[in-house]
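Single-letter residue listing:
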Amino acid sequence: MMISEKMKPLVSNNSAIRVMFEEGKRLAGIYGAENVFDFSIGNPNVPAPEAVNRAIREILEEEPSTFVHGYMSNAGYEDVREAVAQSINRKFHTSLEGRNIIMTAGAADGLNAILKCLLNPGDEVIVFAPYFLEYGNYTANYDGKLVVIPPNPPDFQPDLQCLKEKITDRTKAVIINTPHNPTGVIYSEETIRSLAKVLEDKQKEIGHPIVLISDEPYRELAYDGADVPYITGYYDNTVVCYSFSKSLSLAGERIGYLVIPDAVEDSGELLQAAVIANRVLGYVNAPSLMQRVILRCVDEEADVAYYERNRNLLYTGLIACGFSCIRPQGAFYLFLKSPEPDEKKFCEAAKKYNILMVPGSSFACPGYVRISYCVSYEKIERALPAFKKLAAEYGLLQAE
Ligand SMILES: Cc1ncc(COP(=O)(O)O)c(C=O)c1O
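So, how was this worked out
Residues numbered from 1 in each chain as written. Predicted model: local features only at pLDDT ≥ 70, side-chain atom pairs only at ≥ 80, totals over all residues. Heavy atoms only, no water. Pairing = 2+ DSSP bridges. Helix = DSSP H or I, 4+ residues; strand = E, 2+ residues; numbered from the N terminus. Contact = heavy atoms within 4.5 Å. Axes fitted to C-alpha atoms, helices over the stretch in contact; angles between N-to-C directions. Patch = residues over 30% accessible without salt bridge, like charges linked within 9 Å, V, L, I, M, F, W, Y side chains within 5 Å. Areas by Shrake-Rupley, 256 points an atom, 1.4 Å probe, with all protein chains shown as cover. Salt bridge = Lys/Arg side-chain N within 4 Å of Asp/Glu carboxyl O. Buried < 20%, exposed > 50% of the residue type's maximum accessible area, 1.4 Å probe, protein only. Phe/Tyr/Trp six-rings, centres within 6.5 Å; stacked < 30°, edge-to-face > 60°. Lys NZ or Arg CZ within 6 Å of the ring centre and 35° of its normal. Core = buried A, V, L, I, M, F, W, Y, C linked by side-chain atoms within 4.5 Å.

Q: Explain the sheet that holds strand 11 (residues 358–359) here, please?
A: What holds strands together in a sheet is hydrogen bonding between their backbones, with the strands either parallel or antiparallel. Overall, antiparallel pairing links the three strands, which are arranged 9-12-11 in an open sheet. Unpaired on one side and paired on the other, strand 9 (333–337) and strand 11 mark the two borders of the sheet. Pairing geometry for strand 9 and strand 12 (residues 368–372), over five bridges, is antiparallel. Within strand 12, the residue paired with K337 across the bridge is Y368. Seen against the sheet, helix 12 (residues 304–320) touches strand 9 and strand 12 and runs at an angle of roughly 10° to strand 9.

Next comes the structure, spelled out in structure tokens:
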């Protein structure tokens, strides 16, 4: 075979979420899209704000085409970086400047760029299960070693005692994600403070910085007015990976940014390295037109009410069926406890009712399934009777 040894396991373990996504399309072809309850992928259902579409039209009319479509500094347009920094400052009382921001092709690029900057072969990156499985692939890209902290049900706040035990002198980074995919949990301020304290103490002990990478594609998607602490205010060596994929429903456009504040140790060197990483990884720079859009739309807001309404309907409906799960506080995922230990069998059983969910083992957390509710409200309404039948099959509810 032609492909590399490193690539082979990736091909044979191709993402279960993507496989499910393809299955959804297949079923829709047979039963009609309205009769398939595809809760597999986190592709936002809310359209991008009209302001985004308007900005695209205005940019094409107002800004010279050679400028809009041309190369710029690998870190992004200076005016865009400045606008992003000022927007963050207004919201979170930070004191960032444009030079602290690097525009990226979404959070995936930001994560890869920062890991490339930090990791020598064998260096460790700690994550809390359940976690976005790509973290493992991204870490492996730079020959790092992923260290997984086991899940901490039922509230899924990170297990900080275990974190203390897992930090070694090879630990370079810890990745957190709040609001969280796949549980919908938001890490409380108390959790963040305690996490920061563990990392401060351990940095002293091991004698080198531990970078806290805050992966934030769901930052604004918080319900019931919940507060999502801005991590840079709690721990100096924090780098933020932000994305507009979910907040502005621009997942296919590939736009986001990295924040490397001055408080990060050797921040100047890290900023320079991250810009070069962005280039040599082949991203070169974040998509130009989308950067110009962000300049005009940086303070546009996600339609949180839309997802919150979905969350309410789905959570209440599933609990009424006899299922159990933690009530999602943010993002657009619900993490259901499987009524049988092998959640893959549960997902198979659900398919009989045209319900598609992702097994928790795709997030290193077997025994649970993820339901993405970034779908229409009507789809959830239509899916609930199917969930009822599934619950009845498991004896959670009497069949009607
Ligand atoms: C936790 C988490 N991190 C990162 C990403 C990647 O997002 P992006 O589209 O910005 O690369 C996703 C996408 O689903 C995600 O759920």
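Q: Sorry, what's going on with the side chain of K202 here?
A: One can find K202 in helix 9 (residues 189–206). Sequence-distant contacts of K202, that is, excluding residues within four places in its chain, are made with K164, I167 and I210.

Q: Looking at this structure, I do not really get a nonpolar patch on the surface. What am I missing?
A: On the surface, M1, M2, I3, M7, L10 and V11 cluster together to form a nonpolar patch covering roughly 660 Å² of accessible area. Looking at the element boundaries, V11 is found in helix 1 (residues 8–12).

Q: Explanation requested: unusual backbone geometry in the structure shown.
A: Where the residue is not glycine, phi is negative for most of them; where a peptide bond is considered, it is trans in most cases. For the peptide bond that leads from A129 to P130, omega is -5°, which places it in the cis range. For P130, the position within the fold is in the loop between strand 3 (124–128) and helix 7 (134–141). The omega torsion of the bond from P153 to P154 falls at 0°, within 30 degrees of zero and hence cis. Take P154: it is sitting in the loop between strand 4 (145–149) and helix 8 (160–166). A positive phi angle, near 60°, is found at D143, a position not held by glycine. One can find D143 in the loop between helix 7 and strand 4. With a relative accessible area of 41%, D143 lands in the partly exposed category.

Q: Help me understand the packing of aromatic side chains in this model?
A: Think of a pair of aromatic rings as described by two things: how far the centres are apart, and how the planes are tilted against each other in angle. This model, assessed by the stated rule, comprises 19 aromatic pairs. Where F92 meets Y230, the ring centres are 4.2 Å apart and the plane angle is 10°; that geometry is what we call stacked. With F92 in helix 5 (residues 78–92) and Y230 in the loop between strand 6 (211–216) and strand 7 (238–243), the pair connects residues that are 138 residues apart, well separated along the chain. Aromatic side chains F335 and Y368 sit 5.1 Å apart centroid to centroid with 5° between the ring planes, which places their arrangement in the stacked category. A residue pair is termed long-range when its members are at least 10 positions apart, and F335 in strand 9 and Y368 in strand 12 qualify at 33 residues. In this structure, F335 and Y368 share a single accessibility class: buried. In this structure, R292 is placed above the aromatic ring of Y77, and the distance from its NZ or CZ to the ring centre is 4.5 Å. Sitting over the face of the ring of Y377, R309 holds its NZ or CZ atom 3.7 Å from the ring centroid.

Q: Could you clarify how one ought to interpret the nonpolar core in this entry?
A: Side chains of nonpolar character tend, in soluble globular proteins, to be buried together. Among the nonpolar cores identified, the biggest contains 40 residues, and M357 and F387 are the most heavily contacted of them. Elements with a contribution of two residues or more to this core: helix 12, strand 9, helix 13 (343–351), strand 12 and helix 14 (377–393). Looking at this core, the element that brings in the most residues is helix 14, giving eight residues. In this view, F387 contacts F39, L314, L318, C321, F323, I355, M357 and I371; residues no more than four positions away in its chain are not counted.

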